[in-house]
Amino acid sequence: MKQQGYLITLEGIEGVGKSTHMEFIQHVLEAKGITPLMTREPGGTPIAEAIRHVFASHHDEPMTDETEFLLLFAARAQHVQARIKPSLTSGKWVVCDRYIDASYAYQGGGRGIPLERIAQLEAWVCQGCLPDLTLLLDAPVPLALSRIQCRAAADRVESEKVVFFQRVRDAYLARAAQFSARFRVIDASGSPESVQMQLHTVLTEFIENH
Ligand code: TMP
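Residues numbered from 1 in each chain as written. Predicted model: local features only at pLDDT ≥ 70, side-chain atom pairs only at ≥ 80, totals over all residues. Heavy atoms only, no water.

Asker: Break down the packing of helix α3 (residues 65-89) against helix α4 (residues 100-110) for me, with residues and values.
Answerer: At their nearest, the axes of α3 and α4 sit 11 Å apart, and the two run at 175° to each other. Between α3 and α4, the crossing angle belongs to the class labelled roughly antiparallel. Touching Glu68, Phe69, Leu72, Phe73 and Arg76 of α3 are Ile100, Ser103 and Gln107, all from α4. Taken together, the residues of the contact of α3 with α4 break down into 4 nonpolar, 2 polar and 2 charged. (Axes fitted to C-alpha atoms, helices over the stretch in contact; angles between N-to-C directions. Helix = DSSP H or I, 4+ residues; strand = E, 2+ residues; numbered from the N terminus. Parallel < 35°, antiparallel > 145°, perpendicular 65-115°, else oblique. Contact = heavy atoms within 4.5 Å. Nonpolar A, V, L, I, M, F, W, Y, C, P; charged D, E, K, R; others polar.)

Asker: A description of the side chain of Ser57 should follow, citing residues and the corresponding values.
Answerer: Relative to the elements of secondary structure, Ser57 occurs in the loop between α2 (46-56) and α3. Within the structure, Ser57 has its side chain in polar contact with the backbone oxygen of His53 (distance 2.5 Å). (Polar contact = N/O pair within 3.5 Å; in protein donor to acceptor, adjacent residues only side chain to side chain.)

Asker: Pulling in residues and values, what's your account of the sheet that holds strand β4 (residues 133-138)?
Answerer: Backbone hydrogen bonds hold the strands of a sheet together, and the pairing may be parallel or antiparallel. Read from one edge of the open sheet, 5 strands run β2-β3-β1-β4-β5, paired in parallel fashion. Unpaired on one side and paired on the other, β2 (37-40) and β5 (183-187) mark the two borders of the sheet. Averaged over all adjacent pairs, the angle separating strand axes in this sheet is 20°, with direction ignored. On top of the sheet, helix α8 (residues 192-208) reaches β1 (7-11), β4 and β5; it is set at about 170° to β4, its chief contact. (Pairing = 2+ DSSP bridges.)

Asker: Tell me about the packing of aromatic side chains, and name the residues and values.
Answerer: All told, the structure shown has 7 aromatic pairs when counted by the stated rule. Pairing Tyr6 with Trp93 gives two aromatic rings, centres 5.0 Å apart and planes at 65°, and the pair type is edge-to-face. Residue Tyr6 is located in the segment before β1, and its partner Trp93 is located in the loop between α3 and β3 (94-97); the two are separated by 87 residues in the primary sequence. Here Tyr6 matches Trp93 in class, with each residue buried. Taken together, Tyr106, Phe164, Phe165 and Tyr172 form an aromatic cluster joined through their ring pairs. (Phe/Tyr/Trp six-rings, centres within 6.5 Å; stacked < 30°, edge-to-face > 60°. Buried < 20%, exposed > 50% of the residue type's maximum accessible area, 1.4 Å probe, protein only.)

Asker: I'd love a proper account of the packing of α4 against helix α7 (residues 162-178), names of residues and values included.
Answerer: It is at 8 Å that the axes of α4 and α7 come closest, and there the two elements cross at 135°. Taken as axis vectors, α4 and α7 run oblique relative to one another. In the packing of α4 onto α7, the handedness of the crossing is right-handed. Taking contact as the criterion, the partners of Asp101, Ala102, Tyr104, Ala105, Tyr106, Gly109 and Gly110 in α4 are, on α7, Phe164, Phe165, Arg167, Val168, Ala171, Tyr172 and Arg175. Considered class by class, the residues forming the contact of α4 with α7 number 9 nonpolar, 2 polar and 3 charged. (Left-handed = near helix turned anticlockwise from the far one by under 90°.)

Here's what the structure looks like:
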């Protein structure tokens, strides 16, 4: 096993069930004797969570795409330096609910921010902390969105239209094809149990090989 901990990220559009499955991932790792840091983006530290609140809330003025983009990377800068990097350096495994691929999918695919610009901030802000394994929960957009319709109030991003989420999903799948060595695409269109079976297989294989 290498000295550093490993960074596992969980990605997918709204409604694919990430929050439910974060807990399952934690249980799988713990059953193998690994006690991971469980965290999320945007957020994961008090300052980053405060930025998340500004990012997710509805405001009296529209938020520009650039503002949104920079807010997310400001939160990430805090999160990487205060939590992710120190944890990985000390040998701890980190499981993050969304990370850098979400910026490529939402800000790149969804908003149209140039990918080179995202790559520039990635190089600056992530400080070499890049995912070792990315679990992409994938489901058709209409199915995923139908699952969040029962939620109380949609936040700023959840209020986007179907075409936006279609672009986000396409961008995620393009990333998965481009970085196939670290991505595992999980079919999230079925029951939670079927998703967990797939997650269990992928995680067990990853742990056994590292
Ligand atoms: P979630 O915690 O429910 O997944 O919500 C986080 C929201 O933030 C979700 O709508 C996706 C969005 N997001 C981005 O647009 N870009 C990013 O880089 C990250 C981390 C999240």
